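Understanding the architecture of this molecule
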Amino acid sequence: MAITIKIEEAMAQPTFEKSMLVALFGALGISAVVAQADLIGHWFGFEASSAGVQPLGNPRLFFLAGYTLLSIIAIFVARLSRQQLTMVKWFVFLTAGIGALLYGFAYASTLVPPDASAIIGLVLYGVGYLGTTLFLYCELARLKRLSIALWAIAVSLFLKTVLGDAIGSTSSGATQIVITALLSLVSLACLGAMRKLNHPEYLERYRSEPTIGAAEKRNLVYLLVAVSVILAALRGLSHLGLWGEGYFGSPVASLAGYIVVGLMLAGFTYATIIRNSNDRMLIRFQPAFLVLIGGFLVYALKGNLFDPTALEPVFSWLMVAVELFGHLLFWAVTLTAMRTTRDPVWKFPGIINATYGIVAIAWALVLLYTEIGEGVLAIVAAFLAMAAAIRPLSRKPAESTIIGSSSPEAPDGTKDSTAPAQPVKEHESIGEHIAQCYHILAQQHGLSPRETDVFLLLAQGRSRPHISTALYLSDGTVKTHISHIYKKFGVHTREDLLTIVQNATTQGQAADTDTR
């Protein structure tokens, strides 16, 4: 009752405050479900179950089977409406809790074959885990500002480390299993609060005017696949790689560890993702890939660069921070894809998680059944991250969707900003006529070719983020061009500029009608 009253009070608060509350509930919900996975894989409450399953295969393989299965299904059910997904929501949250109980108590009951109970529990938990995260992240994607959603994810990844250590180190084995199952209800409650506070119209508004074309969408799919492969490699090399191999807890379990990891994660997030959120699609994630490359190289060369024993705490903290940052990048790319296209909301999360699941299964099998060293795998993963980081440099910018071009083409194929505007012919369409009016206005006010590009989009009512993406310019550069355009037109606001454009277009249409 108290939570309901607080939510109703929050509904009356300004949009920004409600966005912060949505982000807070999102961080708590995600931290609960991710801590749940850490407890199942790495704490002594599930030790007996893990030991029983090991002869059949590492427990994480069965978890990944359920995870990958739902990822593939998500691609095909992506067109379901938000209302139709309500029943799916209850199914996945209950499945996560039931799966955790079946696996945790599999070898303590004689009602069903223990091996069957454990494997079914792991598969069900994989399904429930992915479904839970999809619902929570899709709700974060509806926030007005992407930066708030990204900070919420960063906080959730830090909190899950603290939460998992706290539950694992203060409770008995059976209590750990029960608490782990109940964490699904915590995530469900957080999702309910997010849905009451959130404004889904923001996401629909962004998706009604996609800022990327077909070429950029192909690049985005490439980026999704690349980051999922890299995360699978990073996850496989971390202390959380395989389940139940005698490792209980986190190397961060100290005040100093929490502080260092938290600061590194916050620094990586701000410096490589938040600051570059207005750059064009592929370039904005390049600095983040460089962080992952550095982590892989340090892991591969640690024995040659320094004594890993003497610096073990610092090395472990660094690798935990890089692993957490890999998860953040994984979902940052996913949320970006969800917000910049008209494709069904679950489509891109389905693609990236299915790829991750398949690669993670292959990676685990390589570690389990081959003699390939982890250092070699780290070098391979670093190469993949480097390929993803430098690929934008070899790509030509996609055509921007502007009515008309910034200037006519000269015979050699270059833009000729000095060519005079051609008169409107009788067979020209209305769109071509309007574009011609825009060009005449740009020439009359002395706009440069690049300022003309920006002006053409401004005249169409495009937002600054759209212009930034369409023209492959940083947000700061677009702001500078807009300021110059306002100065040359003698206006101070977008509304004043659009009034001049509308009046000129109307007069041009009337004059053209008189001559026909």
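What you are looking at is a predicted structure, and each value in this text was computed from that prediction instead of being measured.

What about the packing of aromatic side chains?
Inspection of the entire model under this criterion finds 17 aromatic pairs. Note on F63 and Y67: the rings are 6.0 Å apart at their centroids and 45 degrees apart in plane angle, and the pair reads as tilted. Here F63 and its partner Y67 are both found in helix α4 (residues 59-76), four residues apart, which amounts to about one turn of the helix. Taking the relative accessible area as the measure of exposure, Y67 reaches 5% and is therefore buried. Ring plane angle 80 degrees and centroid distance 5.3 Å describe the contact between F330 and W331, whose orientation is recorded as edge-to-face. On the accessibility criterion, F330 (2% relative accessible area) is buried. A residue is classified by how much of its surface remains accessible, and W331, at 6% relative accessible area, is buried. Three or more aromatic residues link up through ring pairs in this structure, and these residues are F63, Y67, Y125, Y129, Y137, W243, F330, W331 and Y356.

What about the environment of L447?
Structurally, the position occupied by L447 is in the loop between α16 (430-444) and α17 (449-459). Judged by its relative accessible area of 11%, L447 is buried. Between the alpha carbons of L447 and F489 there is a distance of 9.4 Å; along the sequence they are 42 residues apart. If near-sequence neighbours (up to four positions away) are discounted, L447 is found in contact with A442, T452, F455, I485, K488 and F489.

Comments concerning the nonpolar core
Core analysis: the biggest nonpolar cluster contains 116 residues, and L140, F296 and L335 have the highest contact counts within it. When residues of this core are assigned to their parent elements, the largest contribution, 17 residues, is made by helix α13 (residues 312-340). Ignoring any residue separated from it by four or fewer positions in sequence, one finds L140 in contact with V22, A23, G26, I30, A149, A152, I153, M194 and L335. Ranked by size, the runner-up nonpolar core spans 22 residues in total, among them V454, L456, L458 and I485.

Description of the packing of α4 against helix α6 (residues 114-140)
Remark: α4 packs on α6, axes separated minimally by 7 Å, with the N-to-C direction vectors making an angle of 45 degrees. Comparing the axis directions of α4 and α6 gives the class oblique. Crossing geometry of α4 relative to α6 is assigned as right-handed. Contacts between α4 and α6 pair P59, F62, F63, G66, Y67, L70, S71 and A74 from the former with I119, L122, V123, Y125, G126, V127, Y129, L130, G131 and L134 from the latter. Residues that form the contact of α4 with α6 fall into these classes: 14 nonpolar, four polar and no charged.

What about a nonpolar patch on the surface?
There is a patch of nonpolar side chains on the surface, built from W90, L94, I98, L102 and I120 and spanning about 460 Å² of accessible area. A per-element tally of the nonpolar patch places helix α5 (residues 85-104) first, with four residues. Take L102: it is sitting in helix α5.

Observations concerning α5
For α5, built from 20 residues, the straight-helix expectation of 28 Å at 1.5 Å per residue is met to within 8% by its first-to-last C-alpha distance of 29 Å. Here α5 has its buried residues at L85, K89, V92, F93, T95, A96, G97, G99, A100, Y103 and G104.

Comments concerning the confidence of the model for the protein chain
When pLDDT is averaged along the protein chain, the result is 78, and 77% of the positions lie at 70 or above. Summarising per-element confidence for the protein chain, the mean pLDDT is lowest in helix α1 (residues 2-11) (44) and highest in α6 (93). The low-confidence segment residues 1-13 (pLDDT under 50) makes eleven contacts with residues lying over four places distant or belonging to another chain. Contacts of residues 397-428 to residues separated by more than four positions or lying in other chains number 52 contacts, the stretch itself having pLDDT below 50.

Brief notes about α4
Across its 18 residues, α4 extends 27 Å between first and last C-alpha, which sits within 8% of the 26 Å expected from 1.5 Å per residue. Turning to α4, its buried residues number three or more, namely P59, R60, L61, F62, F63, L64, G66, Y67, T68, L70, S71 and A74. Put simply, N58 is the residue that caps the front of α4, since its side-chain oxygen is 3.0 Å from the backbone nitrogen of R60.

Examining empty space enclosed by the protein
Inspection of every chain in the model, using the stated rule, returns three cavities of 30 Å³ or more. By volume, the largest cavity is sized at about 310 Å³. Around the largest cavity, the lining comprises 24 residues; the ones closest to its centre are V34, Y129, R235, H327 and Y356. Here the element with the most residues in the lining of the largest cavity is α13; it accounts for five residues. Residue composition of the lining of the largest cavity, grouped by class: 16 nonpolar, three polar and five charged.

A short note on the pattern of salt bridges
Once their charged atoms are close, side chains differing in charge can pair, the charge on each being opposite to the other. Summed over all chains, the structure comprises five salt bridges. Across the salt bridge formed by D38 and K160, the nearest N and O atoms sit 2.7 Å from each other. With D38 in helix α2 (residues 15-42) and K160 in helix α7 (residues 146-170), the pair connects residues that are 122 residues apart, well separated along the chain. Here D38 falls in the buried class, since its relative accessible area comes to 11%. Given a relative accessible area of 5%, K160 falls into the buried group. A salt bridge links R142 to E139, with the shortest nitrogen-to-oxygen separation between them at 3.7 Å. For R142, a relative accessible area of 9% gives the class buried.

Definitions and cut-offs
Residues numbered from 1 in each chain as written. Predicted model: local features only at pLDDT ≥ 70, side-chain atom pairs only at ≥ 80, totals over all residues. Heavy atoms only, no water. Phe/Tyr/Trp six-rings, centres within 6.5 Å; stacked < 30°, edge-to-face > 60°. Helix = DSSP H or I, 4+ residues; strand = E, 2+ residues; numbered from the N terminus. Buried < 20%, exposed > 50% of the residue type's maximum accessible area, 1.4 Å probe, protein only. Contact = heavy atoms within 4.5 Å. Core = buried A, V, L, I, M, F, W, Y, C linked by side-chain atoms within 4.5 Å. Axes fitted to C-alpha atoms, helices over the stretch in contact; angles between N-to-C directions. Parallel < 35°, antiparallel > 145°, perpendicular 65-115°, else oblique. Left-handed = near helix turned anticlockwise from the far one by under 90°. Nonpolar A, V, L, I, M, F, W, Y, C, P; charged D, E, K, R; others polar. Patch = residues over 30% accessible without salt bridge, like charges linked within 9 Å, V, L, I, M, F, W, Y side chains within 5 Å. Areas by Shrake-Rupley, 256 points an atom, 1.4 Å probe, with all protein chains shown as cover. Salt bridge = Lys/Arg side-chain N within 4 Å of Asp/Glu carboxyl O. Expected span 1.5 Å × (residues − 1). pLDDT = per-residue confidence, 0-100. Polar contact = N/O pair within 3.5 Å; in protein donor to acceptor, adjacent residues only side chain to side chain. 1 Å grid on protein atoms, 1.4 Å probe; cavity = no way out; pocket = protein on both sides within 12 Å on 5 of 7 lines; lining within 4 Å. Points joined across faces, edges and corners; volume = space filled by probe spheres on them.

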